[in-house]
Amino acid sequence: TQNPETHEFQAEVQQLLDLMIHSLYSNREIFLRELISNAADAADRLRFEALQTPELNEDDPEPRIEIRVDEKARTVSVIDNGTGMDRTEVIDHLGTIARSGTRRFLEAMTNDERQNAQLIGQFGVGFYSAFIVADKVTVHTRRAGLAPEDGVLWTSAGKGQFEIASLPREARGTEVTLHLGAEQDEFLDRFRLKSIVRRYSDHIAIPILIAEENGELETINQASALWMRPKSELSDSDYHDFYRQLTFDTEPPLATLHNKVEGAQAYTSLLFLPSQAPFDLFEPEGRSGLRLYVRRVFIMEDREHRLMPRYLRFVRGIIDSDDLPLNVSRELLQHNRLIDRIRAASIKRVLDALERLAKEESERYNSFWSAFGTVLKEGPVEDPANAERIAGLLRFYSTHETSAPSVSLADYIVRMKPDQDAIYYLTGESFAAVSNSPHLEAFRKHELEVLLLAEPVDEWLTTHLTEFDGHPLKAIAKGQLDLNQAESTEPPAESVSNLIERVKTALGDRVSDVRVSHRLTDSPACLVVDEGELGIHMQRMLKAAGH
Ligand code: ADP
Ligand code: MG
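An unreviewed UniProt entry lists the chain under the name Chaperone protein HtpG, from Spiribacter salilacus. UniProt lists a comment for the chain under the heading Subcellular location (unreviewed entry), and it reads "Cytoplasm". In UniProt, the chain has this text filed under Subunit (unreviewed entry): "Homodimer."

Laid out in structure tokens, this is it:
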């Protein structure tokens with residue numbers, strides 16, 4: 001080797017390593033899943049890069065992952081012919097944590113080892129799991145397209161530092177070798193390794209091979225795209241395994257939607273509705289929901305929400321098109337009628353499934369709602385064409401139901417008074433603030449139900465969702481309220497007029513008007529905004545944001 005250099009791990013990496021070794025020990029076999037998943041990612045990335053630059057394939061276009069065992073040296077290696085890494089990439093990717101993953105991973109760690117084992121995959125810190133079983137790890141790699149002399153060797157004992165050196169490498173791609181620690185001999189057993197691969201990595205769509213003692217290669221996994229198999233051949237547990245490998249979610253999905261669309265423009269979609277929210281659901285850079293394939297070849301993740309809109313970003317799964325060109329670019333995806341059609345059909349499938357769930361299994365729907373309701377509320381704004389359907393899926397607290405947000409607009413309409421002309425709602429900063437608001441007094445007196453909206457997104461929602469099923473939605477904290485025409489048209493008595501004048505003088509410019517109200521039964525006064533103006537809560541939010 002040449003040009004050896006010693007580098008320190010980022011402090012957080014070392015902390016993570018120590019924690020991981022202790023807290024994952026009884027699930028340590030997952031190191032293999034993580035190394036295989038990195039190898040498969042590298043193969044996918046190479047396929048994508050080679051669409052533009054075919055030379056990268058270097059006469060070796062078939063992706064493959066190989067496991068090699070050396071009993072004498074007590075090593076296990078995972079070898080891929082993916083992109084490989086150049087020197088800078090090695091330093092950046094295997095020594096620091098580029099994504100904000102580590103700190104949050106550390107915070108999210110629990111006492112549940114199984115849970116932690118899934119978290120590793122979600123947070124992008126999988127490589128380091130090698131140190132649970134190894135007391136030394138080497139990575140020998142060569143970037144596709146670079147010369148053999150540009151090979152790099154990374155070595156670390158996982159104790160604060162790593163060494164990096166040049167070492168020529170003929171083969172493109174990466175070889176990760178684990179020098180097993182004491183008492184880790186079980187991982188020299190090929191039978192054990194094969195069963196781990198089948199358990200965790202069966203649905204990786206690239207062949208995973210193991211070199212037998214006599215040198216022969218055996219393929220361990222199915223290596224076929226599960227979504228291409230007929231539904232009738234697939235069991236719930238096949239789908240669940242696939243889902244788990246795709247998402248690292250610990251819970252099985254709430255619903256699985258597998259569709260094959262035949263005809264002039266054929267594609268297959270396999271969509272999952274998760275049952276719990278991922279940690280990054282509300283982050284702008286959160287992991288995207290869908291993966292796009294063209295004829296079984298992975299093309300890209302749907303980071304720009306082209307296949308599935310943002311308000312359905314919790315949907316996970318794959319879309320595999322037979323008719324898109326293999327060299328699709330992001331630009332092409334932006335203006336492609338086939339993609340438009342796939343998107344519209346996928347939205348429809350998800351909304352259908354949610355409607356079905358709401359109708360047939362309301363309890364499971366409520367648990368879906370508590371995980372993803374806030375996201376779905378972005379829907380009427382983002383997707384006006386489906387606003388009415390989405391509105392039908394929304395659930396709220398109301399004066400009629402304060403224990404859980406389970407009131408649908410349809411439920412509300414059923415309970416409306418015969419002469420009631422609107423669906424009433426009140427928005428505010430918190431459930432406590434809205435449910436104790438003086439605005440509700442007159443409605444309680446008249447036994448009129450009011451929806452209680454306390455999430456920030458509700459302000460946006462209600463500016464766009466102005467009616468449902470022919471009934472207008474009306475903010476009870478806005479404008480004149482004519483709950484009782486007769487009362488409100490009576491001219492105020494002289495003493496009341498005098499009071500109003502005095503209040504107006506006292507408040508001056510701070511209010512635009514002071515009126516007699518029939519909204520209140522107990523409280524002396526309340527603030528109201530004019531019809532068509534932003535709600536008070538929205539005005540406060542904008543002010544707080546510096547507007
Ligand atoms: P994640 O895979 O979620 O990004 P990891 O800790 O598993 O997190 O891997 C860190 C990074 O190291 C990867 O994102 C990738 O850039 C690089 N890497 C790891 N293994 C390989 C490999 N076999 N080939 C190419 N790059 C790799
Ligand atoms: Mg990984």
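From this point on, the discussion continues.
> Got a minute to help me understand the overall build of the chain in this structure?
For the chain, the count of helices and strands is 19 helices and 19 strands. Along the first, second and third principal axes, the C-alpha set of the chain runs to 105 × 55 × 40 Å. Scored against the burial criterion, the 547 residues of the chain give a buried share of 34%. Long-range contacts, defined as pairs at least 24 residues apart, comprise 69% of the intrachain contacts of the chain with a sequence gap of at least 6.

> Sorry, what's going on with the nonpolar core here?
As a rule of thumb, nonpolar side chains are buried together in soluble globular proteins. Within the largest apolar cluster, 62 residues are counted, with the highest numbers of intra-cluster contacts made by Val 315, Ile 319, Tyr 425, Leu 426, Val 450, Leu 451 and Leu 452. Aside from chain neighbours lying at most four places away, what touches Leu 426 is Val 434, Ser 437, His 439, Leu 440, Val 450, Leu 452, Leu 453, Ala 475, Ile 476 and Ala 477. Listed in part, the 54 residues of the second largest apolar core include Val 76, Val 78, Val 125 and Tyr 200.

> I would appreciate a short explanation of the packing of helix α2 (residues 30-52) against helix α6 (residues 190-201) in the present structure.
Relative placement of two packed helices is described by the angle separating their axes and the distance separating the axes. In the contact formed by α2 and α6, the axes pass within 9 Å of each other and the chain directions differ by 65°. As for how α2 packs across α6, the hand of that crossing is right-handed. Of the residues in α6, those touching α2 at Ile 30, Leu 32, Arg 33 and Ile 36 are Leu 193, Ile 196, Val 197, Tyr 200 and Ser 201. Residues of the contact of α2 with α6, tallied by class, amount to seven nonpolar, one polar and one charged.

> Looking at this structure, I do not really get the pairing of strand β3 (residues 75-80). What am I missing?
For a regular strand, side-chain orientation follows a simple rule: the groups alternate between the two sheet faces. Across six bridges, strand β2 (residues 65-70) lies against β3 in antiparallel orientation. Directly across from Arg 68, in β3, lies its bridge partner Ser 77. Connecting the antiparallel pair β2 and β3 is a turn made up of four residues, with Arg 74 showing a positive phi of about 55°. Note: β3 against strand β7 (residues 173-180), six bridges, orientation antiparallel. Paired with Asp 80 across the strands is Thr 174, a residue of β7.

> Explain helix α10 (residues 362-376) here, please?
Helical geometry note: an α-helix holds 3.6 residues per turn, so side chains three or four residues apart project in the same direction. In this model, α10 (15 residues) spans only 17 Å end to end at C-alpha, well below the 21 Å of a helix rising 1.5 Å per residue. Where α10 bends most, the angle comes to about 60°, and this point is Ser 370. Of all the residues in α10, the buried ones are Tyr 365, Phe 368, Trp 369, Phe 372 and Leu 376. Of the surrounding secondary structure, the elements contacted by the buried residues of α10 are β11 (267-273), α9 (337-360), α11 (379-382) and α12 (387-393).

> It is not clear to me how the sheet that holds strand β10 (residues 255-261) should be interpreted in this structure. Could you clarify?
Within a beta sheet, neighbouring strands are joined by backbone hydrogen bonds and run either parallel or antiparallel to one another. With mixed pairing, the five strands of this open sheet are ordered in space as β10-β11-β14-β12-β13. Every other strand in the sheet has two partners, leaving β10 and β13 (297-301) as the edge strands with one partner each. Adjacent strand axes in the sheet meet at a mean angle of 15° when their direction is disregarded.

> I keep staring at the sheet that holds β2 and nothing clicks. Help me out?
Ordered in space as β1-β6-β5-β4-β7-β3-β2-β8-β9, the nine strands form an open sheet in which the pairing is mixed. In the strand order of this sheet, the two ends are held by β1 (2-8) and β9 (217-219), each with one partner. Recorded for the sheet is a direction-independent mean angle of 20° between the axes of neighbouring strands. As paired strands, strand β4 (residues 134-142) and strand β5 (residues 152-156) are joined by five bridges and run antiparallel to one another. Counterpart to Val 139 in the pairing with β5 is Trp 154. Along the sheet, α2 makes contact with β2, β3, β7 and β8 (208-211), crossing β3 at roughly 20°. Running over the sheet, α6 touches β2 and β8 and is turned about 175° from β8.

> Whenever I open this one, unusual backbone geometry confuses me. Can you help?
Peptide bonds are mostly trans, and most non-glycine residues show a negative phi. Within the chain, Asp 59 stands out as a residue other than glycine whose phi angle is a positive 60°. Mapped onto the fold, Asp 59 is located in the loop between α2 and β2. Phi angles above zero are rare outside glycine, and Arg 74 is one such case at about 55°.

> In this structure, what is going on with the confidence of the model for the chain? I would like to understand it.
Detailed reading of the predicted coordinates is not advisable wherever pLDDT is low. Per-residue pLDDT for the chain averages 88, and the proportion of residues at 70 or more is 91%. Both scores are available for the predicted complex, with the pTM at 0.71 and the ipTM at 0.99.

> I tried to follow the pairing of β13 on my own but got confused; where do I start?
Relative to β13, strand β12 (residues 290-294) is paired through four bridges, and the arrangement is antiparallel. Bridged to Val 294 within β13 is Val 297.

Conventions used here
- Residue indices follow the written sequence of each chain, beginning from 1 at its first position.
- Both sets of labels track the order of writing: A upward for chains, 1 upward for ligands.
- With pLDDT at 70 or above as the cut-off, local features in this predicted model cover only qualifying residues; side-chain atom pairs require 80 or more to be listed or tallied, and sums for whole chains, interfaces and linings still use all residues.
- UniProt positions are given in the numbering used here, feature names are shortened, and annotations may be inferred rather than shown by experiment.
- Per the convention used, a helix needs a DSSP run of H or I reaching at least four residues, while a strand needs a run of E reaching at least two, with both numbered from the N terminus.
- Burial is judged by counting the other C-beta atoms within 10 Å of a residue's own C-beta: 20 or more makes it buried, 12 or fewer makes it exposed, and any count in between marks it as partly exposed, with every C-beta position built from the backbone.
- Any pair of residues counts as being in contact when their C-beta atoms, constructed from backbone geometry, are within 7 Å of one another.
- Put simply, a nonpolar core is buried Ala, Val, Leu, Ile, Met, Phe, Trp, Tyr and Cys residues tied into one set by C-beta atoms within 7 Å.
- Note on geometry: axes are C-alpha line fits, over the in-contact stretch for helices, and angles between N-to-C directions span 0 to 180 degrees.
- A crossing counts as left-handed when the near helix is turned anticlockwise from the far one by less than a right angle, and as right-handed when that turn is clockwise.
- Gly falls in the polar group here, along with every residue not listed as nonpolar (Ala, Val, Leu, Ile, Met, Phe, Trp, Tyr, Cys, Pro) or charged (Asp, Glu, Lys, Arg).
- At least two DSSP bridges between two strands are needed for those strands to be called paired.
- To estimate how far a helix should reach, multiply one less than its number of residues by 1.5 Å.
- Throughout, bend refers to the angle between the axes fitted to the seven residues that end at a position and the seven residues that start at it.
- pLDDT measures how confident the predictor is about each residue, on a scale from 0 to 100.

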